[in-house]
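Structural features, examined
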Amino acid sequence: MHKSLRIAAVAAACAVAGAALYGAGAATAGQSTANSTHEPYNIGLLVKDIDTYYGTAPDAAGVYQASPTSPYAKDLASIDKAARKYIDQAARKAVRKHQRPAVVFDIDDTLLLSLDYEKRYNYTYNSASWAAYVNKADRPAVFGSPELVRYAEKKGVEVFYNSGLGEAQRTAAVDNLKKVGADVNLDAAHMFLKNAAAPPSYLSGCATPGAWTCTTVQYKSGTRMHIERDLGYEIIANFGDQYSDLDGGYADRTYKLPNPTYFVS
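Just so it is clear, the structure is predicted and the values come from calculations on it, not from any experiment. (Residues numbered from 1 in each chain as written. Predicted model: local features only at pLDDT ≥ 70, side-chain atom pairs only at ≥ 80, totals over all residues. Heavy atoms only, no water.)

**Thoughts on helix H2 (residues 43-54)**
To keep it simple, the criterion reads: Helix and strand labels come from DSSP, where a helix needs a run of H or I of at least four residues and a strand needs a run of E of at least two; each type is numbered from the N terminus. One less than the residue count of a helix, multiplied by 1.5 Å, gives the span that helix is expected to have. Only protein chains enter the area calculation, which uses a 1.4 Å probe; residues under 20% of their type maximum are buried, those over 50% are exposed, and those in between are partly exposed. The arc in question is formed by the directions pointing from the helix axis toward the C-beta atoms.
Its twelve residues give H2 an end-to-end C-alpha distance of 16 Å, which sits within 8% of 16 Å, the value for a rise of 1.5 Å per residue. Turning to H2, its buried residues number three or more, namely Leu46, Val47, Ile50, Tyr53 and Tyr54. Around the axis of H2, the buried residues are gathered within 120 degrees of arc, so they sit on the same side. For H2, the exposed residues lying more than 90 degrees away from the buried face are Lys48 and Thr52.

**Focus: helix H8 (residues 216-230)**
Threshold: We call two residues contacting when some pair of their heavy atoms lies within 4.5 Å.
Relative to the 21 Å expected for 15 residues at 1.5 Å per residue, H8 spans 20 Å between its end C-alpha atoms, a close match to the ideal helical length. Buried within H8 we find Thr216, Tyr219, Lys220, Ser221, Gly222, Thr223, Arg224, His226, Ile227 and Glu228. Those residues of H8 that are buried lie in contact with strand S4 (101-105), strand S5 (158-166), strand S6 (191-194), strand S8 (211-212), strand S9 (234-240) and helix H9 (243-246). Count one or two residues on from H8 and you reach Gly232, which has phi positive near 85 degrees.

**Focus on unusual backbone geometry**
Of note in this structure, His98 is not a glycine but carries a positive phi near 60 degrees. Mapped onto the elements of the fold, His98 is located in the loop between helix H3 (71-96) and S4. Backbone geometry at Asp109 places phi at a positive 65 degrees, although glycine is not the residue there. Note that Asp109 resides in the loop between S4 and helix H4 (115-120).

**What about the pattern of salt bridges?**
A side chain of one charge can pair with a side chain of the opposite charge if their charged atoms are brought near each other. Worth spelling out the cut-off: For this analysis, a salt bridge means a side-chain nitrogen from Lys or Arg found within 4 Å of a carboxyl oxygen belonging to Asp or Glu.
Applying the stated criterion across every chain, the model contains ten salt bridges. Of the charged contacts in the structure, one is a salt bridge between Asp51 and Lys119, with a shortest N-O distance of 3.0 Å. With a gap of 68 residues between them, Asp51 in helix H2 and Lys119 in helix H4 connect regions that are remote in the sequence. Accessibility expressed as a relative area gives 22% for Lys119, which makes it partly exposed. Glu167 is paired through a salt bridge with Arg170; the nearest N and O atoms lie 2.8 Å apart. We classify Glu167 as partly exposed; its relative accessible area is 31%. Among the charged side chains, a network of salt bridges with common partners joins Asp88, Arg92 and Lys155.

Shown next as structure tokens:
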């Protein structure tokens, strides 16, 4: 996952349930801007606010965890409740229309929580430390997300993953998702990762072998287009913690999960 703009303050305003869920057509609703003409929010106070929001505390092994009673957990529960109701209705509707319903999930901070990495590296990003962290395959689940993956499968909805993780991190991603209980369709036909060395033909407008220029939106929307146009599915819902996970179309409804720790353009 390339964090092109790791700015802790950017998503703070998004950490409420009302801003977390938005429909197709409201592409950047609630998105904050980094171009401010007044004194920015004090970063020390912001970190305290983030800790309060997550209920951040180290466990017995010293790993920073979010609290299941935190505002963050409550916001996720609200999104999960709405998403389950919608998936149930949309899946039945799709079947009546002879469509093949699908859902798409981002992975980082949509299914697997990176809070411990953020805390340990003071909300900064380094490719080597990030790769080592991912390869440990030991991140906890984002509250409710593995259950939502299984719920969609139970309702007859095809589950896909659309992640900014690199192809070299596939094994770690699969192992970690299995650990947290999101063991659904973890094969290469359903889990799409960035492959700069051998990009797929449907991304040829911005990626050729050894020359990857796709923005996050181009990559992720292009992958969703492939799922719909080439694979023949109707994406009824797309889940992500970044607006760039969701922008670009090819999803009937989008769900923005809260993430006040970094921003990916």
